[in-house]
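Fold and contact review
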Amino acid sequence: MRLKLGIRLAATIFMTLSAAGFAQAQEVNYDALEQVFGEPVTTSATGLPQTASQAPAEMQIITADEIRRSGAANIPDILESVAGVDVRHYGALDSEVSIRGFSQAANPRLLVLINGRQVYLDDYGYVAWQALPVQLLQIRQIEIVKGPASALFGFNAASGVINIITYDPLTDKTNAASATIGTDGTLAGSLVSTINDPGKGGVTISLGGLKTNEYSTAHATAFDTTYSQPHSGNFNLDGRWKPTSRTEMTLELTRSTSTSTEELPPYFDSTAGYRENSIKLGFAADTEFGVATVQGYTNQSSTSLVSYADGTSVLAEQIDDIEANDLIKIADAHAIRVALEYRDNRAFGVDYQGASGYQDYAASVMWNWQINPQFALTTAVRLDHLSLSRNDPLSSLDRYSLADYQNKSISAPSFNAGLVYQPDDADTIRWLLGRAVQAPSLVDFGQDIQRDGVATRILYAGNPDLQAAATTNYEVDYDRVLPYLQSTLRTAAYLNQTRDILTSGTTAESSYRNGVVSAYAQNIGAGQVAGGEIGLQGANMSGLRWNMSYALAAVQDSTSSGPPQTPLQFDDTTPVSMIDFGLGYSWGKFEADMQGKWQSRYSDYRFEIGQTGAVYTPVTIKNFVTISARLGYQLTPRLTLALSGQQLQAGQTIETAGLEPQRRILFSATYGF
Amino acid sequence: MVFNPAMRPISSGVGATPNQTATIRAWRVLAAIQRFCFTIICAAAMLTPRAGHAAVTARDIEVAGHILALTSNPLSGKVRVGIVYDPDNPISTQDERSMLAILGSGLAIGDVNLIPVPLAIGNITAIPTDIIFLTTGLGPSAVKARDQAARERILCMTTDLAATQAGFCAVGLQIDTKVHINIDLAALAASNVSFTEAFMLMVNEI
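Residues numbered from 1 in each chain as written. Chains lettered and ligands numbered in written order. Predicted model: local features only at pLDDT ≥ 70, side-chain atom pairs only at ≥ 80, totals over all residues. Heavy atoms only, no water.

Residue and element names in this part refer to chain A. With respect to the helices and strands, Glu143 occurs in strand 8 (residues 139-146). Although Glu143 is buried, it forms no salt bridge, and the closest oppositely charged side chain is Arg140 at an N-O distance of 8.4 Å. A polar contact is formed between the side chain of Glu143 and the side chain of Thr42, at a distance of 2.9 Å. Leaving out residues up to four positions away in the same chain, Glu143 has contacts with Tyr30, Val41, Thr42, Thr43, Ser44, Gln60, Ile61, Val161, Ile162, Asn163 and Ile165. (Helix = DSSP H or I, 4+ residues; strand = E, 2+ residues; numbered from the N terminus. Buried < 20%, exposed > 50% of the residue type's maximum accessible area, 1.4 Å probe, protein only. Lys, Arg positive; Asp, Glu negative; His and termini not counted. Salt bridge = Lys/Arg side-chain N within 4 Å of Asp/Glu carboxyl O. Polar contact = N/O pair within 3.5 Å; in protein donor to acceptor, adjacent residues only side chain to side chain. Contact = heavy atoms within 4.5 Å.)

The following block contains the structure:
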């Protein structure tokens, strides 16, 4: 089946290319562009290659050097230092990431990509961070866009986008291996190797694995402690080839597995086993009509869930996606990007009722106008049309018919507009307006989960009447380079409003009749977040570097006033204040870095199945501090040794209502070859 | 004293009295002296390094080296950089000396190793090079560099924006807190060099 899909995808791309006259283009040479412009270059804001400071979005880019110096063993830990990003650890491998409010376990509002390929899971609507098929050694940069970005990326970029960019085997040789040993039985290994003829073709292969002991905690439920040794492993092949000087082809294959305790949506304590595969093919060309790109990918995932609340189930998901776009510069002042995208996704499992999916047709246009050297206006519009599909059988308890599911469609516009004013090289002001759309997850949209409860039968059902949630964001940013402090000041103030907030069957109001509890996923009202960030980051020639930021996110939630109701109070699930601080110093072969975070109190939830359905118990998480640090020493030009620690402030910290993160000390050796 | 033509009592000596004629002569002498002084001052200004002129820096060279990786057919290995200068122009020679010091016997940047080759503007065709870098202050004589780039089909870069704006050199670098790249499309086309579309989307086209 996988092979057939791959062949079908390849054939589709080939036919599209043939029809396009075999146009198309080169992708972005991130390394050379960064060296030329002196700062990281991104395409994540508009699709147009831009320096981060020019992008019409509040964006932060974490570079490979920063990743190394963080000492982190996974991507969520790296993201902890970003202002406005809320990272929570529910288990040794289970982390959740939210941006600018509406923080929750298994966040459905954050879209995550690897080299433009979605790794967000449409089935429940979340990201399994522990199963991302990428090694830290092969990451060039992590691009974080704060705020809605649907007009470029489509559904689910409601609160932001994280795009992980790996080194390009066409231009970069990445040959490194690392081994890590640490407390609590931590063992990890990673290998990345590139074979290339620079500028003509190359392949990078990476593989790695990690195992550790699960956090032990006095507050664990019986289930929390049933799985004691989470582990993960993954493989990634990234090949790029230039048939001609102006054309480029790409092929990416990935496979990842992981097993760990996990807080599944919404707040199910479970053991999740992931098996994920993907194939991506792309073709790009520089033509007289701009940079044309065709890209298609297939994601397959199989998730085994063992939950004391939900029993054992296996859910499979497949996403087929193909996109064609053209980016053209017209005269000196205008750039236009037009794109068409088709997506087919479906989820099915023996423990679920039937298969559900949707087909999405989307068209988008982006226009960038450099009005004069100081002002640039970017406008992007996208229209998605989604048709829901659903197969037999329905649960006998379902109040909807098959036709209700099969006749459902949603048309949703989204847009982003940004005016960037750079009066001089030191100052940047951005006025941003955006509207993003969050699609219902496949489970919420069209799956039935039927269980036998303690004294009842329980149905958590998909709801074909769901509407997409829409988030509108108003924002002003001001950045200033401060040469006398050798720093950059970044500030942002925003207001984002979400209507038709989505909640799953378990968190929606349930009804009880004739021994049956039934609950349907719902749109539960509106909410808004008012907040901002202010931060200072800098470095000097002596090797000293520093960063400090404060983020405010005040959530106002009206989801609990009047039916339909939810037990979740979003205005209390996000810490109002977060402070990040860091200090680092490089001296010859030594590197020393420390990163800390303080955050104010918030409410998390503990989930149980009661006599008449789901019971959510709020748990107040008091304000806390986390500190991580790394000491690195370059023993030889090729060999670097590092000692790093996470959660150094205490032996154990209560961060969530789940397991309590423990202090971990890791020793690693990295060899470049 | 600043000469103001509006102060002249009589515009010509025709029909003037002897006193008036003497006055006219005096004004003419004054005007000639002023013109002479003005010419000297202008010449001095052109020949003396301006207080604001900064010689080519290592950062300029680094950026230029990395730009080579963004051409459609990137150069690699040894790349001979023709440093085009005017031996009679102090600004130009200052740039040339600065570049020679930075490049030394060869400077590796990315996939290229830049080897300096000084080329006097009057003798620009003497030694073949892989690219040329125009020093500042060549003025109209920089047209020879444009012709050389077109003849040899090689890229021309400079930090002298006037040269790029005049169409004498394809790529103009302007590096302060941020980097601005200006590209003269006609000069680029004449040299038969092209850049990746992604790079062209990030530059100012002239």
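Bringing the sheet that holds strand 6 (residues 171-175) of chain B into the picture now. All names here are of chain B. Strand order across the open sheet formed by eight strands is 2-3-1-4-5-6-7-8, with mixed pairing between neighbours. In the strand order of this sheet, the two ends are held by strand 2 (107-109) and strand 8 (204-205), each with one partner. Direction of pairing for strand 6 relative to strand 7 (residues 179-183): antiparallel, over a ladder of five bridges. By the bridge assignment for strand 7, Val171 is matched with Ile183. Each of strand 2, strand 3 (112-120), strand 4 (131-134), strand 5 (155-158), strand 6 and strand 7 touches helix 2 (residues 58-67); the most contacted strand, strand 6, lies at about 135 degrees to it. (Pairing = 2+ DSSP bridges. Axes fitted to C-alpha atoms, helices over the stretch in contact; angles between N-to-C directions.)

Moving on, we get to the packing of helix 2 (residues 30-37) of chain A against helix 2 of chain B. Between helix 2 of chain A and helix 2 of chain B, the shortest axis-to-axis distance is 8 Å and the interhelical angle comes to 155 degrees. Classed by the angle they form, the pair helix 2 of chain A and helix 2 of chain B counts as roughly antiparallel. Read as a crossing pair, helix 2 of chain A and helix 2 of chain B show a hand that is left-handed. Contact residues: Ala32, Gln35, Val36 and Phe37 of chain A in helix 2 of chain A; Arg59, Glu62, Val63, His66 and Ile67 of chain B in helix 2 of chain B. Looking at side-chain class alone, the contact of helix 2 of chain A with helix 2 of chain B contains five nonpolar, two polar and two charged residues. (Parallel < 35°, antiparallel > 145°, perpendicular 65-115°, else oblique. Left-handed = near helix turned anticlockwise from the far one by under 90°. Nonpolar A, V, L, I, M, F, W, Y, C, P; charged D, E, K, R; others polar.)

Next up on the list: the pattern of salt bridges. Residues and elements named next belong to chain A. One pass over the structure, following the stated rule, counts 37 salt bridges over all chains. For Glu591, the salt bridge goes to Arg68, with nearest N and O atoms at 2.5 Å. Of the two residues, Glu591 sits in strand 34 (residues 590-599) while Arg68 sits in helix 3 (residues 64-70), which places them 523 residues apart along the sequence. With relative accessibility at 36%, the residue Arg68 sits in the partly exposed group. Put simply, Lys146 and Glu533 hold a salt bridge, and the shortest N to O gap is 3.7 Å. Here the residue Lys146 occupies a position in strand 8, and Glu533 occupies one in strand 31 (residues 527-539), the gap between them amounting to 387 residues. You can call Lys146 buried: its relative accessible area is 3%. Residue classification places Glu533 among the buried positions, given a relative accessible area of 6%. Each of Glu58, Arg100, Lys146, Arg430, Glu475, Asp477, Asp479, Arg490 and Glu533 takes part in salt bridges that share partners, so that together they form one network.

Across the boundary between the two partners, chain A contributes 30 residues, which contact 28 residues of chain B. It is Val36, Phe37 and Asp425 of chain A that lose the most area in chain A upon contact with chain B, and together they represent 28% of the buried surface on that side. Viewed at the interface, chain B and chain A are joined by one salt bridge. Across the pair Lys329 of chain A and Glu205 of chain B runs a salt bridge whose closest N-O atoms are separated by 3.7 Å. (Buried area = accessible area lost by both parts, 1.4 Å probe.)

Okay, the packing of aromatic side chains next. Residues and elements named next belong to chain A. Inspection of every chain in the model, using the stated rule, returns 12 aromatic pairs over all chains. Considering the side-chain rings of Phe102 and Phe570, the 5.4 Å spacing of their centres and the 55 degrees angle between planes classify their relative orientation as tilted. Residue Phe102 is located in the loop between strand 5 (95-99) and strand 6 (110-114), and its partner Phe570 is located in the loop between strand 32 (544-557) and strand 33 (577-587); the two are separated by 468 residues in the primary sequence. For Phe570, a relative accessible area of 3% translates into the label buried. Taking the centre distance of 6.4 Å and the plane angle of 15 degrees together, the rings of Trp587 and Phe590 count as stacked. (Phe/Tyr/Trp six-rings, centres within 6.5 Å; stacked < 30°, edge-to-face > 60°.)

What follows covers the sheet that holds strand 7 (residues 117-118) of chain A. Residue and element names in this part refer to chain A. The five strands are arranged 3-8-9-6-7 in an open sheet whose pairing can be described as mixed. The outermost strands of the open sheet, each flanked by one partner alone, are strand 3 (58-63) and strand 7. Direction of pairing for strand 3 relative to strand 8: antiparallel, over a ladder of six bridges. Note that in strand 8 the partner of Glu58 across the bridge is Lys146.

Attention shifts here to a nonpolar patch on the surface. Residue and element names in this part refer to chain A. Residues Leu191, Val203, Ile205, Leu207, Phe235, Leu251, Leu253, Tyr671 and Phe673 make up a contiguous nonpolar surface patch of about 670 Å² in total accessible area. A per-element tally of the nonpolar patch places strand 12 (residues 201-211) first, with three residues. Inspection of the secondary structure assignment puts Leu207 in strand 12. (Patch = residues over 30% accessible without salt bridge, like charges linked within 9 Å, V, L, I, M, F, W, Y side chains within 5 Å. Areas by Shrake-Rupley, 256 points an atom, 1.4 Å probe, with all protein chains shown as cover.)

Before going further, it helps to examine the environment of Gln447 of chain A. All names here are of chain A. Its place among the elements puts Gln447 in the loop between helix 7 (442-446) and strand 23 (448-452). For Gln447, a relative accessible area of 0% gives the class buried. Along the chain, Gln447 and Tyr342 lie 105 residues apart, while their C-alpha atoms are 22 Å from each other.

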